[in-house]
Structures are given as C-alpha cells and as structure tokens.
Amino acid sequence: MMKNTIRKAGFLMLWLCSAAAQAETQKVTLFLSAQHDRVNPAAALSTPNRELLAFIESETGVQFERKFVPWKRALQSAIEGKGFVFGASQTPERLQHLVFSEPIYIDNVWIVTRCDTRFSFNSIGDLKGKTIGMIRDAYYGPEIAKAVNFVFTPEYDVNDSISRFDKLLKYRTDGLLMYTQLTDPRALEDLVNMQYGRLASQENPVFRERPFCAQGKPVHSSSLHFAVAPGYNDAYLKELNKALIKAAKTGRLAKWYIQPAAKQ
C-alpha cells in the first residue's frame, strides 16, 4: 500500500514537473525598443501594438516575454538568437542576419524642423550642408544612408524625443528625422506641437504656439516586421505569420493601424 502511494506520488511529481516545463516553453522572448524619456519603458508601446501582441498571444497560445531595451541592443539580441525583435524594417544588412515575418504596417520618415527656420524639401539634395538629427542605428531608407556625411551632417541621438527636440530648439540641428504612421504633415505637426511644444515656451516664452513644422512629403516609407535569427524558433515564426495573415484578412490590422501593410 505504502509502495503504491509512493509510486503515485512520484508519478504526480513527474507530471507536475512536466506540466511546469511545458508551461515555461509557452513563452517566447520579444525585444522592443525603449524610449529613454519614458519613466516606464512599456509606455512606449502604443495601443495598436498592445492589441496586436495580445491578439498574437491569443492565436498562438504563446506568451511574449517582453524586454524593453535600446534599439541597437534589441536588434543585436535578435541577431544573436536570443529572441524576436518587434518593429524592424528590412535593410540589406539585416536581411543577411535575420528572417522577417509578414509585414505589420507602413511607417513613414518625415523631416521635422523649427517653423522659423524651415526649408523646402523635395529631394535629398535639399539637405546639403545641414545638420540632421538621427537615432543611432535606425534605418531611414537607402537615399538617407548614402547621403550621411556626404550631403548632410548627422547628429546622432538615442531614442529620447525630448532631447532631440531640445537640440532642434537650440539650433544644434536644422531638422530631425522622425518615424510615424501618419501620412498628413499637418497631422504630424499637430502631434509634435501638442507633445513637445511646451519645450519651446520653456526655451523662449515668445515662441508661437506651433513652433515645429513638418515637411510636405515623407523622406522614406517602409514596412515593419517581427524579425528573428534563422533557426531560432521556426515553428513559432510559422504560427506568428498565420496570426498576422489572419489579422490582415479579418480587418484587424486596418482597424489598428493607419497604414496596414500588405505582403511585399
């Protein structure tokens, strides 16, 4: 009797350990970019992105273990096979090291300037001789990549919007490159003036209410994806893509994002 009890207890412990191990495997590491000007890094995750991640977790039955780190570290961690990275665009260099998911949405790169020193932008040549704020290791398209240090001087920043707009106000930059889903420059101006206009009034009380202006057209547009090192978790990547395809077909991406992406 005692032996049977011990045997049953042993089987129960093995089952519990097995169940715990299975529960642990139902997580996947996801690296996300943290903004330095946020007290809570998770606050940088927009409502549409939160809804997308929750949908994917529900569809795949796998939970994301979210790690908010600087963008450079997020990319490098994915390249090193430590997990997935969220919100990566495809570049020639990244395609050598990473596999990309189905596209999520389209992001646009805009030039934002002070309104009192704005300049006309129609081509990369219009940036000649200027100093442009860029987030280090961010990709702003092939034309910008070729023009750095040849057409314009880069002022490299961390992902800290307050610091970047402060440099713009202090004439340390002539403009800054900014990623956003927005397609209307006026809407972008409304957003940045609402979020950072107070910096202008602190710098100089005579600044008008709309100190920041956006150029008339984007510099670059690209689709954003999940990305992962080849072979890291091919089975999960397949399920992730199924969830993204379903989100697109059912109209969820169109509901969540201004410019939902189609597979390119």
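Residues numbered from 1 in each chain as written. Predicted model: local features only at pLDDT ≥ 70, side-chain atom pairs only at ≥ 80, totals over all residues. Heavy atoms only, no water.

Caption draft 1: Structural view of the overall build of the protein. Scanning the protein for helices and strands turns up 8 helices and 10 strands. Buried positions account for 44% of the 264 residues belonging to the protein. Taking contacts inside the protein between residues at least 6 apart in sequence as the whole, the part at least 24 apart equals 75%. Accessible surface, the protein as shown: approximately 14200 Å² in total, 53% of it carbon and sulfur. (Helix = DSSP H or I, 4+ residues; strand = E, 2+ residues; numbered from the N terminus. Buried < 20%, exposed > 50% of the residue type's maximum accessible area, 1.4 Å probe, protein only. Contact = heavy atoms within 4.5 Å. Areas by Shrake-Rupley, 256 points an atom, 1.4 Å probe, with all protein chains shown as cover.)

Caption draft 2: A look at the state of the cysteines. Under the criterion given, the structure shown has 1 disulfide. Cysteine 115 shares a disulfide with cysteine 213; S-S distance 1.9 Å. On the sign convention where negative is left-handed, the bridge of cysteine 115 and cysteine 213, at about 105 degrees about the S-S bond, is right-handed. Linking cysteine 115 in the loop between β5 (105–114) and β6 (131–135) with cysteine 213 in strand β9 (residues 212–214), this pair joins segments that are 98 residues apart in sequence. Owing to a relative accessible area of 7%, cysteine 213 belongs among the buried residues under this scheme. (Disulfide = S-S within 2.5 Å.)

Caption draft 3: Region of interest: the nonpolar core. One finds Leu52, Ile56, Phe84, Ile104 and Phe226 to be the most contacted residues of the largest nonpolar core, which totals 26 residues. The next biggest cluster of nonpolar side chains, apart from the first, holds 16 residues, and it includes Phe119, Ile124, Phe152 and Val219. (Core = buried A, V, L, I, M, F, W, Y, C linked by side-chain atoms within 4.5 Å.)

Caption draft 4: Quick peek at helix α5 (residues 161–169). Every buried residue of α5 is accounted for by Ser161, Arg164, Phe165, Lys167, Leu168 and Leu169. The positive-phi residue at the C-terminal boundary of α5 is tyrosine 171, with phi of around 65 degrees.

Caption draft 5: Representation of the environment of asparagine 149 in the model. Inspection of the secondary structure puts asparagine 149 in the loop between α4 (142–147) and β7 (153–157). Accessibility expressed as a relative area gives 57% for asparagine 149, which makes it exposed. Between the C-alpha atoms of asparagine 149 and lysine 128, which are 21 residues apart in sequence, the distance is 9.8 Å.

Caption draft 6: The arrangement of the layout of surface pockets in detail. The space that makes up the second largest pocket amounts to roughly 390 Å³. Surrounding the second largest pocket, 16 residues form its lining, Leu75, Glu93, Arg94, Asp137 and Ala138 being those nearest its centre. Listing elements by their share of the lining of the second largest pocket, those giving two or more residues are α3 (71–79) and β6. The element that contributes the greatest number of residues to the lining of the second largest pocket is α3, accounting for 4 residues. Residue composition of the lining of the second largest pocket, grouped by class: 8 nonpolar, 3 polar and 5 charged. (1 Å grid on protein atoms, 1.4 Å probe; cavity = no way out; pocket = protein on both sides within 12 Å on 5 of 7 lines; lining within 4 Å. Points joined across faces, edges and corners; volume = space filled by probe spheres on them. Nonpolar A, V, L, I, M, F, W, Y, C, P; charged D, E, K, R; others polar.)

Coordinates in, geometry out; function isn't part of it.
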